[in-house]
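If you want the building blocks of each chain, they are given just below.
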Amino acid sequence: MSSGRYSRQVLFKPLGPEGQARLAASRVLVAGCGALGTHAAELLARAGVGELRLVDRDIVEWSNLHRQAGFEEAHAREGAPKADALASWLRRVSSEVRVDARVAELNAATALDLAAGCDLILDGTDNLPARFLLNDLSYRLGVPWIYAGSIGAEAHVQLFSGTEGPCLRCQVPELPPPGTLATCDTAGVIGPAAALAASWQAALALRWLAEGDALALAGRKAVLLPWALQARVVRVLADPDCPVCARRELGALEGAGAERSTVLCGRRAVQVLPASGGRGTIDLGAAAARLAHLGTVERRERFLRLSAPDFTLTLFADGRALFDGLTDPVRARSLYTRLVGQ
Ligand SMILES: [Zn+2]
């Protein structure tokens, strides 16, 4: 360990030299390398967490740069995979942290492998199906996960123990129909709100890794509103009949509620079916208004069509989507999550 590197944080009594040694012996899964994951990963790397496993399926885009740490214009210009770009930045920040970059999609088939051997799961995702999966994964492995979310100028943070309730499913029993939740690509987000969520998340992570008492941190949710100069921490109760933390029915980890995509033969197009399986219908009028800034939107009775510079999205009222101009199913699912929500 380089001399003096962690001296100021070891002086902080609740951490101390014992806590620092525990950080160095820890391995953390960073699930998603967007605004949350990049900021949280940098804080943990600088703090001396032993190993970070970075998972992300996307590439760096220009619209990421205003809020995501560790990425430069060159990454956006060349379309660098986010996990790789962040890994190279973190290795420059610290030669002591081991960084394991996985350019991969976190889904029911890959989750157990991607989380193997990790002491903690940090949520850097941007959608509810992915968080249902992380929730299942946490209770399957018995390790905590820390939810963080940010949209507009709002940040939410909450730790779930992975052993006892409350868990995410106590609060959100089922996936809502697609298109009902706002996303950063439709409602916008400011960088400080995302960094704030990631900062609280990283603080909870350091405390759990140093002290090991997840139950002391669970059962409360932080809601931070920096633009309005407001913050509150609310108590969250466990549902005694919760499918996950009470009954250990881990449907998301078994593949329920996953978005499905199919490359359509004979044309450059990918079809995406919503995670909720097409239950409910989309409010096409509201969706058209949300997507209008991305290109030309044409509204019909049963579908809408968005013509963007590099693809055309046809979104049907049952939540099904066709991306013409794309051949990569992972990119199509990523765009679906961001543009439609879910
Ligand atoms: Zn629960």
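A quick note: this is a predicted structure, and the numbers were derived from the prediction, not measured. (Residues numbered from 1 in each chain as written. Predicted model: local features only at pLDDT ≥ 70, side-chain atom pairs only at ≥ 80, totals over all residues.)

A count of helices and strands for the protein gives 12 helices and 14 strands. Compactness check: the protein gives a C-alpha radius of gyration of 20 Å against a globular reference of 20 Å for 342 residues, within 12% of the reference. Considering only C-alpha atoms, the protein reaches an extent of 65 × 50 × 40 Å along its principal axes. Looking at the protein as a whole, 48% of its 342 residues are labelled buried. Taking as baseline every contact in the protein between residues at least 6 positions apart, the subset at least 24 positions apart corresponds to 67%. (Helix = DSSP H or I, 4+ residues; strand = E, 2+ residues; numbered from the N terminus. Rg over C-alpha atoms; globule rule 2.2 N^0.38 Å. Buried ≥ 20, exposed ≤ 12 C-beta atoms within 10 Å, placed from the backbone. Contact = placed C-beta atoms within 7 Å.)

Time to look at the nonpolar core. Residues Val30, Leu52, Leu54, Ile121 and Ala205 are the most contacted members of the largest nonpolar core, which totals 83 residues. If you tally residues by element for this core, the top one is helix α10 (residues 191-211), at 14 residues. The contacts of Val30, once residues within four sequence positions are left out, are Gly37, Ala40, Ala41, Leu52, Arg53, Leu54, Val55, Leu122 and Gly124. By size, the runner-up hydrophobic cluster in this structure holds 19 residues, among which are Leu304, Phe323, Leu335 and Leu339. (Core = buried A, V, L, I, M, F, W, Y, C linked by C-beta atoms within 7 Å.)

With 12 residues, helix α5 (residues 82-93) extends 16 Å from end C-alpha to end C-alpha; this agrees with the ideal 16 Å at 1.5 Å per step. Listed in full, the buried residues belonging to α5 are Lys82, Ala83, Ala85, Leu86, Ala87 and Leu90. Buried residues in α5 make contact with α3 (35-47), β2 (51-56), α4 (73-78) and β3 (98-103). (Expected span 1.5 Å × (residues − 1).)

Moving on, we get to the sheet that holds strand β6 (residues 154-160). Reading across from one edge, β3-β2-β1-β4-β5-β6-β7-β8 is the order of the 8 strands in this open sheet, with mixed pairing throughout. What marks the edges here is a single partner per strand, and that holds for β3 and β8 (230-235). Averaged over all adjacent pairs, the angle separating strand axes in this sheet is 15°, with direction ignored. For strand β4 (residues 120-123) and strand β5 (residues 145-151), the ladder comprises 2 bridges, and the chain directions are parallel. (Pairing = 2+ DSSP bridges. Axes fitted to C-alpha atoms, helices over the stretch in contact; angles between N-to-C directions.)

Following the sequence through the fold, Ala83 ends up in helix α5. What makes Ala83 buried here is the crowd of 24 C-beta atoms within 10 Å. As for Ala83 and Arg267, which are separated by 184 residues in sequence, their C-alpha atoms are 30 Å apart. Filtering out sequence-adjacent residues up to four positions away, Ala83 remains in contact with Cys33, Leu54, Val55, Asp56, Ala101, Arg102 and Val103.

Before going further, it helps to spend a moment on the domain arrangement of the protein. Entries for the protein in the domain assignment read domain 1 (7-254) and domain 2 (260-339). Using only C-alpha atoms to locate each centre, domain 1 and domain 2 end up separated by 27 Å. Contacts between the two partners involve 13 residues from domain 1 and, on the opposite side, 17 residues from domain 2. Residues of the side of domain 1 that touches domain 2, tallied by class, amount to 4 nonpolar, 4 polar and 5 charged. (Domains from an automatic or database assignment. Nonpolar A, V, L, I, M, F, W, Y, C, P; charged D, E, K, R; others polar.)

On to the sheet that holds strand β14 (residues 321-324), then. The strand order β9-β10-β14-β13-β12-β11 describes an open sheet built from 6 strands, whose pairing is antiparallel. In this open sheet, the two strands that pair with only one neighbour each are β9 (260-264) and β11 (296-299). Adjacent strand axes in the sheet meet at a mean angle of 15°, parallel and antiparallel pairs treated alike. Two strands pair when backbone bridges link them, and β9 and strand β10 (residues 269-273) are joined in this way by 5 bridges, in the antiparallel orientation. Residue pairing for β10: Val263 is matched across the bridge by Val270. Across the sheet, helix α12 (residues 329-339) lies against β9, β10, β13 (311-316) and β14, angled at about 50° from β10, the strand it touches most.

Here we take up the packing of α3 against α5. Running from amino to carboxyl end, α3 crosses α5 at an angle of 25°, the nearest separation of the two axes being 10 Å. Judged on the interaxial angle alone, α5 and α3 are roughly parallel. For the pair α3 and α5, the crossing hand works out as right-handed. Taking contact as the criterion, the partners of Thr38, Ala41, Glu42, Ala45 and Arg46 in α3 are, on α5, Leu86, Leu90 and Val93. Taken together, the residues of the contact of α3 with α5 break down into 5 nonpolar, 1 polar and 2 charged. (Parallel < 35°, antiparallel > 145°, perpendicular 65-115°, else oblique. Left-handed = near helix turned anticlockwise from the far one by under 90°.)

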